[in-house]
Amino acid sequence: MKITKIRTHPLFAPIKEPYWTAQELSKGVRAILTEVETDEGLVGYSKIQGAPQTDICDWIAQFAELVVGRDPLETTEIWEFLFGLTCPRRRVPYAEDGLPPPLPRSARPQTTAALAAIDIALWDIKGKAAGMPLWKLLGGSNEPILSYSTGGYFREGREMLACVDELAGFVAKGYKAVKCKMGFETMEDDLKRIAAVRDAIGPDTKLMLDMNACYDLRTCIEFGNRVSENNITWMEEPLHWYLQPRDYAKLAANIPVNLAHGERELTRFTIRDFIVGGGINYVQFDSTRHCGLTECLRVAQICEQYGVFIVPHHASELHGHVAAAFPNASFMLETHGDPERDPVWHHLFKERAQVKDSYVHLNELPGIGIEFDWDFAKTIAA
Ligand SMILES: [Mg+2]
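Definitions and limits used
- Residues numbered from 1 in each chain as written.
- Predicted model: local features only at pLDDT ≥ 70, side-chain atom pairs only at ≥ 80, totals over all residues.
- Helix = DSSP H or I, 4+ residues; strand = E, 2+ residues; numbered from the N terminus.
- Rg over C-alpha atoms; globule rule 2.2 N^0.38 Å.
- Buried ≥ 20, exposed ≤ 12 C-beta atoms within 10 Å, placed from the backbone.
- Contact = placed C-beta atoms within 7 Å.
- Pairing = 2+ DSSP bridges.
- Axes fitted to C-alpha atoms, helices over the stretch in contact; angles between N-to-C directions.
- Domains from an automatic or database assignment.
- Nonpolar A, V, L, I, M, F, W, Y, C, P; charged D, E, K, R; others polar.
- Parallel < 35°, antiparallel > 145°, perpendicular 65-115°, else oblique.
- Core = buried A, V, L, I, M, F, W, Y, C linked by C-beta atoms within 7 Å.

**Student:** What's the story with the overall build of the protein chain in this structure? I'm lost.
**Tutor:** If you tally the helices and strands in the protein chain, you get 13 helices and 15 strands. Taking 21 Å as the expected radius of gyration for a compact globule of 382 residues, we find that the protein chain reaches 21 Å, a close match to that expectation. The dimensions of the protein chain, computed from C-alpha atoms along their principal axes, are 60 × 45 × 40 Å. Across the 382 residues in the protein chain, those meeting the buried criterion constitute 48%. Look at the contacts in the protein chain between residues 6 or more apart in sequence, and 71% of them connect residues 24 or more apart.

Right, dumping it as structure tokens:
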């Protein structure tokens, strides 16, 4: 089998009420769909995130020229080849080997997103070629996987305590775990919000806090100690973006709350140092942002070896397969119980994993088990 063509479709679904995390304003949900066609008629699909979308689509088009003609089942070979383009090859001038010069350092978020788009679609082809869903191809079984719903985003004009009804609403709909966004105003505000949320959702619901990098180390130690009485499953991305594995390790050693991190990390190598340094217990690598499923499976292997959990960020329809393949290391998946928050996940698919009573149920379709609603996709073409 050979790859014959790769196409991309950038999407942007505006949302009615733009929302803030502690870090940034979102006016809608972006996605890039990629189709990888083969000479045997099998087509692989992926949905990734990232920006600027035009840059990522340009990188996918450049990579496409280099992988057309290759066997799509050689996922590791193709991954290593494309990832290898980010590094010097000691062949100056570079044009001699017919490949592009080392990919620019400034474009790493976009080149690793482009790699993800192709890699994930190749895994879809691999499953379809084998006639198996990925969870089975990877050796897992189709057990429902616990998921949580994220809420508590800040919206203009909405009261700080609006998160209480929102998160309790997810629990009323069947969710056994919820995650609340943090870091919009003062520490005292955050502590009040969390105490009110815990009160509303009861003692048995798991509660995670997504800090979106709002604290320095010293202040976060104070926050972690004060918030711990609310039985917090994890504090996610608690520290400012520039702080490193040793800072996470110091935080972890000084508070009675476990830490989560990884959605912004580009590769398994930085993730490894957060794990080995003892800072984090929950690893949120997002294969739809960087480096794809091949890399996510490697991250999951490291998690398993070090006794920490793989809890991938977003994309439960894809990451559910990783959870199924690593039953000893999987714990939960992220979903969005509010269709207003993620219209793409709620409306883009004709087929995908389903969430019922807080559990993700993968399907029996070969590959990732997804089918896009292209009519809907056209309405949100970017
Ligand atoms: Mg997060």
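**Student:** Would you mind showing me how to read the environment of Gly 44 here?
**Tutor:** With respect to the helices and strands, the residue Gly 44 is situated in strand β3 (residues 43–48). On the basis of neighbour counts, which here come to 26 C-beta atoms within 10 Å, the residue Gly 44 falls in the buried class. Between the C-alpha atom of Gly 44 and that of Ala 130, which follows or precedes it by 86 residues, the distance is 13 Å. The contact partners of Gly 44, leaving out residues within four places of it in the chain, are Val 36, Pro 72, Ala 121, Leu 122, Asp 124, Ile 125 and Gly 367.

**Student:** Would you mind going over the sheet that holds β3 with me for this structure?
**Tutor:** To summarise the sheet geometry, strands pair through backbone hydrogen bonds and adopt either a parallel or an antiparallel arrangement. Read across the open sheet, the 3 strands follow the order β1-β2-β3; overall the sheet is antiparallel. The strands lining the two open edges of the sheet, one partner per strand, are β1 (3–20) and β3. The mean angle between the axes of side-by-side strands here comes to 15°, regardless of whether they run parallel or antiparallel. Examined bridge by bridge, strand β2 (residues 25–38) and β3 share 6 bridges and lie antiparallel to one another. If you follow Val 36 over to β3, its bridge partner there is Gly 44. Against the sheet, helix α1 (residues 53–67) contacts β1 and β2, and its axis sits at roughly 165° relative to β1. The strands that helix α3 (residues 108–130) touches are β1, β2 and β3; relative to β3, the one it contacts most, it runs at about 140°.

**Student:** Would you explain the domain arrangement of the protein chain in this entry?
**Tutor:** Where interface size is given, it is often the accessible area lost as the parts come together that is meant. In terms of domains, the protein chain is made up of domain 1 (3–131) and domain 2 (136–374). Across the boundary between the two partners, domain 1 contributes 36 residues, which contact 31 residues of domain 2. Only β1, β2, β3, α2 (75–84) and α3 provide two or more residues apiece to the side of domain 1 that touches domain 2. Among the elements that line the side of domain 1 that touches domain 2, the one with the most residues is α3, at 13 residues. Classifying every residue of the side of domain 1 that touches domain 2 gives 18 nonpolar, 10 polar and 8 charged.

**Student:** Would you take a moment to explain helix α5 (residues 162–172) for this structure?
**Tutor:** Because an α-helix packs 3.6 residues into every turn, residues spaced three or four apart end up facing the same way. For α5, the complete set of buried residues consists of Cys 163, Val 164, Glu 166, Leu 167, Ala 168, Phe 170 and Val 171. On its buried face, α5 is in contact with β4 (145–151), β5 (177–181) and α6 (187–201). Phi for Gly 174, located one or two positions after α5, is positive at around 120°.

**Student:** I keep staring at the pairing of β4 and nothing clicks. Help me out?
**Tutor:** Across a regular strand the side chains alternate sides, sitting on one face of the sheet and then on the other. Counted residue by residue, β4 has 6 buried out of 7 residues, so it is predominantly covered. Where β4 lies against strand β14 (residues 359–361), 2 bridges are found, and the strand directions are antiparallel. For Leu 146, the partnering residue across the bridge sits in β14 and is Tyr 359. When β4 meets strand β11 (residues 333–335), the two strands line up parallel, connected through 3 bridges.

**Student:** How should I be thinking about the packing of α2 against α3 in this particular structure?
**Tutor:** A pair of packed helices is captured by two measures, namely the crossing angle of their axes and the spacing between those axes. For the pair α2 and α3, the least separation of the axes is 10 Å and the interaxial angle reads 170°. By the angle between their axes, α2 is roughly antiparallel relative to α3. Here Thr 75, Ile 78, Trp 79, Leu 82 and Phe 83 of α2 come into contact with α3, specifically with Leu 115, Asp 119, Leu 122, Trp 123 and Lys 126. Residue classes in the contact of α2 with α3 are distributed as 7 nonpolar, 1 polar and 2 charged.

**Student:** Just checking my understanding: could you explain the nonpolar core for this structure?
**Tutor:** Within soluble globular proteins, side chains that are nonpolar tend to cluster in buried spots. With 106 residues, the main nonpolar core has Ala 117, Ile 118, Leu 167, Val 178, Val 283 and Ile 310 as its most contacted residues. For this core, the leading source of residues is α3, giving 11 residues. The two domains that each donate at least three residues to this core are domain 1 (3–131) and domain 2 (136–374). Other than its neighbours up to four places away in sequence, Ile 310 contacts Val 283, Val 299, Ala 300, Cys 303, Val 322, Phe 326, Ala 329 and Ser 330.

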